[in-house]
Amino acid sequence: MLKLADIGPVLNLNYLVKGWLSRRGLSMLYGPSNAGKTFVALDLAMHVAANKPWRGCKVNGGPVLYIAAEGGAGVRNRLAAFKREHPEMASADFVLLPIGLDLHGQLDALAVCEALPGDAFALTVIDTLARSMGAGDENTAKDAAMFVRNCDLIREVTGAHVMVVHHTGKDEDRGARGSSALRAAVDTEINVTSEGEIVCKKQRDMAYADTLHFTLRSVTLGVDEDGDPVTSAVVETAEPPKPKRKPLSGKNEVAMQALYDALRDHGEVKSGDLYPHNRKVVHIDHWREACGVHGLTSGVADSSARMAFKRAKDKLMDLNEVREFGEYVWRVQDED
């Protein structure tokens, strides 16, 4: 019991991966099939095991247990590829358990607790939830709560953060599939998207981390008995994609077409740091005249025409399609 007068701020974050995972917490890393979520989970886990910064984030790591319920040659090859590409982490304190667990009942959770001495592991990964539910139904709140209780038992007894790898449903935008009791229970949700993003979707006690972008790079491991190459992949940092411009429509499209014509007929290159280099600009009067030719400002009073042109110009500037300086305008897209 603490009196209010004795309560002060908690300044030291008890993190495993700063901005992403807390020590002794519970998290869910989820994504659609073939998005690369297991590659990301293994990449993160290996950095924790090696106590190396992960994607620019500080790590307060330690030994890792990775329970690969969907294991077999696939997960082993992914780890082999990681070791080949990151030899400095090849001796990390990482243990793979390539078997399925039944975390719907309590026996397997107790067995994990008995096998792992307290505070010996920093992170335990359960990959995947679907293969670790036994006879339970992930869509039922009661069964989901039993799964969560067993994850809590493992982290409380062993001191490890428990991260569960899970799938999305048919609609990726609706998040992880199954009962909402799962999402309510976790401290952190991480979404690995089909667009190559690692997105922090929930944080209970930490600020939301910035979205990371990744790609998978193929790694050849050798050849099989038929002489065919055996490959896997590793996670690599990628640049954020450029935002997609929405196609213009209506009056905005008419005004932009008028600008194309004005630039074609009257465009010139202006010197000065505030104008685009080696690109044409056009005086605003030529654009206004072209808008009249295209019907945007024709057939109305002068005041209405001026207002229609101003609205179109201001809207295109708000959409970052057009820029203006010193009564000259130009297209932003020409700068890409």
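Details of the structure are given in the entry above.
All values reported here derive from a predicted model rather than from experimental measurement.

Draft legend 1. Just the sheet that holds strand 6 (residues 123-127), in detail. In spatial order, the strands read 5-4-6-7-3-8-9-10-11; together these nine strands make up an open sheet with mixed pairing. Two strands close off the open sheet at either side, each with one partner strand: strand 5 (94-97) and strand 11 (229-237). Neighbouring strand axes in the sheet, compared pairwise and without regard to direction, differ in orientation by 25° on average. Where strand 9 (residues 197-203) lies against strand 10 (residues 212-223), two bridges are found, and the strand directions are antiparallel. Within the sheet, the bridge partner assigned to I198 lies in strand 10 and is L212. Contacting strand 3 (26-31), strand 4 (64-68), strand 5, strand 6, strand 7 (161-167), strand 8 (188-192), strand 9, strand 10 and strand 11, helix 1 (residues 37-50) runs over the sheet at an angle of about 160° to strand 4.

Draft legend 2. Local environment of the side chain of H166. Within the fold, H166 resides in strand 7. For H166, the side chain forms a polar contact with the main-chain oxygen of R177, separated by 2.9 Å.

Draft legend 3. Structural view of the side chain of T193. One can find T193 in the loop between strand 8 and strand 9. Taking the relative accessible area as the measure of exposure, T193 reaches 6% and is therefore buried. A distance of 3.1 Å separates the side chain of T193 from the backbone nitrogen of E195, its partner in a polar contact.

So, how was this worked out
Residues numbered from 1 in each chain as written. Predicted model: local features only at pLDDT ≥ 70, side-chain atom pairs only at ≥ 80, totals over all residues. Heavy atoms only, no water. Pairing = 2+ DSSP bridges. Helix = DSSP H or I, 4+ residues; strand = E, 2+ residues; numbered from the N terminus. Axes fitted to C-alpha atoms, helices over the stretch in contact; angles between N-to-C directions. Contact = heavy atoms within 4.5 Å. Polar contact = N/O pair within 3.5 Å; in protein donor to acceptor, adjacent residues only side chain to side chain. Buried < 20%, exposed > 50% of the residue type's maximum accessible area, 1.4 Å probe, protein only.

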